[in-house]
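Now for the letters of each chain:
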Amino acid sequence: MWYNTRAKDLLGIEYPILQGPFGGNLSTVELTATVSNLGGLGGYGAYTLSPQEIYQADKQIKAATNKPYNINLWVSDHDIPEAGLTDELFEQTKTLFKPYYEEVGIPLPEKPAPFQSRFENQLQVILDVKPKVFSFMFGVPSDDVLEQCRRLGIVTVGAATTLDEAVFLESKGVDMIIASGFEAGGHRPSFLTNAEASVTGTFVLLQLMREKIKTPIIAAGGIADGKGIAAALTLGADAAQIGTAFLATDESNALPVHREMLFSDAAKYTTLSRAYTGRLGRGITSRIAKDIIGKESNILPFPLQTTFISPLRKAALDQQKWDMILFWGGQISPILKHTKAKELMMSLIEETTAHFDGLKI
């Protein structure tokens, strides 16, 4: 059967269908548990959480499912130079965004406070709570951490946006590697070169990786139905990870207007932009994202840009100025159909099964 892949055995799941773990407070215990309870692998994005918050979320997930699930962290959680944020760059950023702050009628924010990396403290939580799967983006943990995961029986999953990144992850002994195509919504998890130079499509990247590495591959980006899963498996993937389609369901923590936008005509148009966080990410095209193209040098490093733009985002939401907000979403959004996670998951299984059954006729 189509679901008898290396991923099924390695992850201890029934179907090689993974729910993308959403950062930025978009993940929920309910969504993670729903996917896991239906035989897939639910995912919980925890990179913005404190260690105590991760402990609490993990406790709730364990209470909601006895099946495997994935907790996701970011290895590199900031891009701030050692010298810190210069006054000069902050003034340039303020000048660039001043018209938007004036439009919504709120003052420009003060210079963001220095950022303290959380990753090392978050790692200890992973080793303590021992989720079945620990996935990570923007790099790879130390050899020592990977060895501890192996000893504890935690499956490690890294994300690659290029063939070079996939080869590097394999050299570190990561258990599974995500082929993260540029069609995907959210941040580009590039780490060996800049994200703008790492924009290979999912199915091309998958085929390149299949030729050069032996590690099981998870295809991610541009997959939202059973046909997409079938295509990924046919090209050599061991699993498919689906983000935007699950983000659009009621069980995610996306705002109602965000979910509505993913089902609207606006979802036909997406943009890769650094304007909202300082890192390149794909969302539904916004006025600000278009205006900032070519001016990226005047944007604060991640995550200070997120802090800086947060009041503007809140005011735009309050005033329903949707064209000023980048709602995360992938290029596949126009084919989304399901608003309930259970219905989506059942549909993915049924469509993939029907596709492979059809090939046998």
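Reading guide: rules and limits
- Residues numbered from 1 in each chain as written.
- Predicted model: local features only at pLDDT ≥ 70, side-chain atom pairs only at ≥ 80, totals over all residues.
- Heavy atoms only, no water.
- Helix = DSSP H or I, 4+ residues; strand = E, 2+ residues; numbered from the N terminus.
- Buried < 20%, exposed > 50% of the residue type's maximum accessible area, 1.4 Å probe, protein only.
- Phe/Tyr/Trp six-rings, centres within 6.5 Å; stacked < 30°, edge-to-face > 60°.
- Lys NZ or Arg CZ within 6 Å of the ring centre and 35° of its normal.
- Core = buried A, V, L, I, M, F, W, Y, C linked by side-chain atoms within 4.5 Å.
- Contact = heavy atoms within 4.5 Å.

Caption draft 1: Spotlight on unusual backbone geometry. The omega torsion of the bond from Phe-302 to Pro-303 falls at -5°, within 30 degrees of zero and hence cis. Structurally, Pro-303 can be placed in the loop between α12 (287-292) and α13 (304-318). Notably, Lys-130 is not glycine yet its phi reads approximately 50°, a positive angle. If you trace the backbone, Lys-130 turns up in the loop between α5 (119-129) and β4 (133-137). Residue class for Lys-130 comes out partly exposed when judged on its relative accessible area of 43%.

Caption draft 2: Representation of the packing of aromatic side chains. All chains considered together, the criterion is met by 13 aromatic pairs. For the pair Phe-90 and Phe-308, a centre-to-centre distance of 5.9 Å together with 85° between the ring planes defines the contact as edge-to-face. You can see Phe-90 sitting in helix α4 (residues 87-104) and its partner Phe-308 sitting in helix α13, a full 218 residues away along the chain. Taken as a pair, Phe-90 and Phe-308 share a single burial class, namely buried. Chaining the aromatic ring pairs together yields one cluster made of Phe-90, Phe-97, Tyr-100, Tyr-101 and Phe-308. A cation sits over an aromatic face here: Arg-279 above Phe-138, 4.2 Å from the ring centre.

Caption draft 3: Representation of the nonpolar core in the model. Ranked by size, the top nonpolar core spans 98 residues in total, and within it Ile-17, Phe-97, Phe-246, Ile-288 and Leu-312 carry the most contacts. Apart from the residues lying within four places of it in its own chain, the contact partners of Ile-288 are Phe-97, Tyr-100, Ala-275, Tyr-276, Leu-312, Asp-323 and Met-324. The next biggest cluster of nonpolar side chains, apart from the first, holds 19 residues, and it includes Ala-7, Leu-18, Ala-159 and Phe-302.

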